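# Structural description and commentary
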Amino acid sequence: MSEGWDELSVEVAREEAEALGARLLELGSSGLMEAPGDGRAPRQLWDEGPEPPPPATLLLTAWFRPDQRARVAAGLPTELTLRWRALTDTDWLAASQASFAPIALSERLVVAPPWDAPPGALVIEPGQGFGTGDHPTTRLAWQLVEELLEGAAPPARLLDVGCGSGILALAAARHGVAAAGIDVEAEAVAEAHLNAERNGLVAEFTTTPLAEVPGRFPLVVANLHAELILRLLPDLIARVGERLVLAGILGAERAARVDEACRAAGLVLERELRAEEWRARRWRRA
Ligand SMILES: C[S@@+](CC[C@H](N)C(=O)[O-])C[C@H]1O[C@@H](n2cnc3c(N)ncnc32)[C@H](O)[C@@H]1O
């Protein structure tokens, strides 16, 4: 394998970004970053006022080994302008670290990588486990959880189904909640343990299948995708003592299907949030 990395930047119309991102990964990119083409900062959940129009273009950045460059160029539509840059080792470290800058998960919680953590931040090492805080679904799920934790009767225990890096369970543990997280990926669970240690927090992370988790929890949170939520819903609801936060639901049609299933199971909708096309809901037992 050739040494070093080449960075490719391409600006495309927003509607074409998803397909191009998929193509870059197919062509062997080791990672992908997406930013508004006009350089503006992403809108946050608490930004007030009408939603600004989405950027017309997106800037995609991807990384390849130098010997992949010719094949990548040949595999992309010829009308795209490809901007290549060979990275030195220092550039590479800076580029990979810059893609994990501190990020506000809510008005009160900043999540940051260990090398750039301001005081008071929840430290999450970017790794295999999903959940560095940069995804809208994590932010929506956390906001719905945080509101309860800061309310008059915060839940004492929480189950995080699909814990990934442990971000939601650990953020809840900082509020004194006894948090448990499960994930089908053993690597994610191992990382969640390390993240707990990094923050001096205690939380229980295991690969126990949802159907085998004993007891009920006043709060269950599941940031999964809609199809998986629908499949797991009976087992999720069986573990709900009071409330269920669901996130990771993309688009109105999927949201309607999940809503219908929750209502049919006797849950009552308490709160809903949306960011871009992502939907999140908080349900409670009737
Ligand atoms: C979208 S990530 C959410 C990570 C983190 N909770 C967050 O909010 O950022 C979904 C996680 O669910 C896990 N997962 C997928 N199917 C699962 C299942 N049946 N039971 C438990 N975890 C599952 C995946 O491995 C992944 O880590």
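Residues numbered from 1 in each chain as written. Predicted model: local features only at pLDDT ≥ 70, side-chain atom pairs only at ≥ 80, totals over all residues. Heavy atoms only, no water.

## A look at the sheet that holds strand E5 (residues 103-104)
- In space, the three strands of this open sheet follow the order E5-E6-E7, with mixed pairing throughout. A strand with exactly one partner marks an edge of an open sheet, and here the two such strands are E5 and strand E7 (122-123).
- Bridge analysis of E5 against strand E6 (residues 110-112) gives two bridges, and the strand direction is antiparallel. In the sheet register, Ala 104 faces E6, and the bridge partner there is Val 110. (Pairing = 2+ DSSP bridges. Helix = DSSP H or I, 4+ residues; strand = E, 2+ residues; numbered from the N terminus.)

## Thoughts on the domain arrangement of the chain
- Assigned domains within the chain: domain 1 (5-98) and domain 2 (122-285).
- A separation of 29 Å is found between the C-alpha centroids of domain 1 and domain 2. (Domains from an automatic or database assignment.)

## Examining the site of the ligand
- As a structural note, the neighbourhood of the ligand is formed by 16 residues, with Thr 138, Gly 162, Asp 183, Asn 223 and Leu 228 the closest of them.
- With respect to the ligand, the backbone of Val 184 contributes an N or O atom lying 3.5 Å from a nitrogen atom.
- Protein coverage of the free-state accessible area of the ligand, which is 610 Å², stands at 82%.
- Judged by the proximity of its atoms to the pocket grid, the ligand belongs to the second largest pocket.
- Mapped by element, the contributors of at least two residues to the shell around the ligand are helix H5 (167-173) and helix H7 (226-238). (Near = heavy atom within 4 Å. Polar contact = N/O pair within 3.5 Å; in protein donor to acceptor, adjacent residues only side chain to side chain. Areas by Shrake-Rupley, 256 points an atom, 1.4 Å probe, with all protein chains shown as cover. 1 Å grid on protein atoms, 1.4 Å probe; cavity = no way out; pocket = protein on both sides within 12 Å on 5 of 7 lines; lining within 4 Å. Sits in = over half its atoms within 2 Å of the grid points.)

## Focus: the sheet that holds strand E12 (residues 240-250)
- Pairing is mixed in the open sheet, where seven strands are placed in the order E10-E9-E8-E11-E12-E14-E13. Whereas interior strands pair on both sides, the edge strands pair on one side only; in this sheet they are strand E10 (204-206) and strand E13 (267-275). Taken over all neighbouring pairs, the strand axes of this sheet differ in orientation by 15° on average, direction set aside.
- Strands strand E8 (157-161), strand E11 (217-223), E12, E13 and strand E14 (278-285) of the sheet are contacted by H7, whose axis makes an angle of about 175° with E12.
- Each of E12, E13 and E14 is contacted by helix H8 (residues 252-264), which is oriented at about 5° to E14, the strand it contacts most. (Axes fitted to C-alpha atoms, helices over the stretch in contact; angles between N-to-C directions. Contact = heavy atoms within 4.5 Å.)

## Some remarks on the pattern of salt bridges
- Enumeration according to the criterion identifies 20 salt bridges in this entry.
- Of the charged contacts, one joins Glu 277 and Arg 279 as a salt bridge, the two residues approaching to 3.1 Å between their closest N and O atoms.
- With a relative accessible area of 10%, Arg 279 lands in the buried category.
- Each of Glu 147, Glu 242, Arg 243, Glu 270, Arg 271, Arg 282 and Arg 284 takes part in a single network of salt bridges with overlapping partners. (Salt bridge = Lys/Arg side-chain N within 4 Å of Asp/Glu carboxyl O. Buried < 20%, exposed > 50% of the residue type's maximum accessible area, 1.4 Å probe, protein only.)

## Some remarks on the packing of H7 against H8
- Between H7 and H8, the least distance of the axes is 10 Å, while the angle of their chain directions is 10°. Between H7 and H8, the angle falls in the class roughly parallel. Contacts between H7 and H8 involve Ala 226, Glu 227, Ile 229, Leu 230 and Leu 233 on the former and, on the latter, Arg 254, Arg 257, Val 258, Ala 261 and Cys 262.
- Of the residues in the contact of H7 with H8, the class split is seven nonpolar, no polar and three charged. (Parallel < 35°, antiparallel > 145°, perpendicular 65-115°, else oblique. Nonpolar A, V, L, I, M, F, W, Y, C, P; charged D, E, K, R; others polar.)

## A short note on the packing of aromatic side chains
- Overall, the coordinates contain one aromatic pair when judged by the stated rule.
- Of note, Arg 65 hangs over the ring of Trp 5, and the distance from its end group to the ring centre comes to 3.9 Å.
- The ring of Phe 217 has Arg 157 sitting right over it, with the charged end atom 4.3 Å from the ring centre. (Phe/Tyr/Trp six-rings, centres within 6.5 Å; stacked < 30°, edge-to-face > 60°. Lys NZ or Arg CZ within 6 Å of the ring centre and 35° of its normal.)

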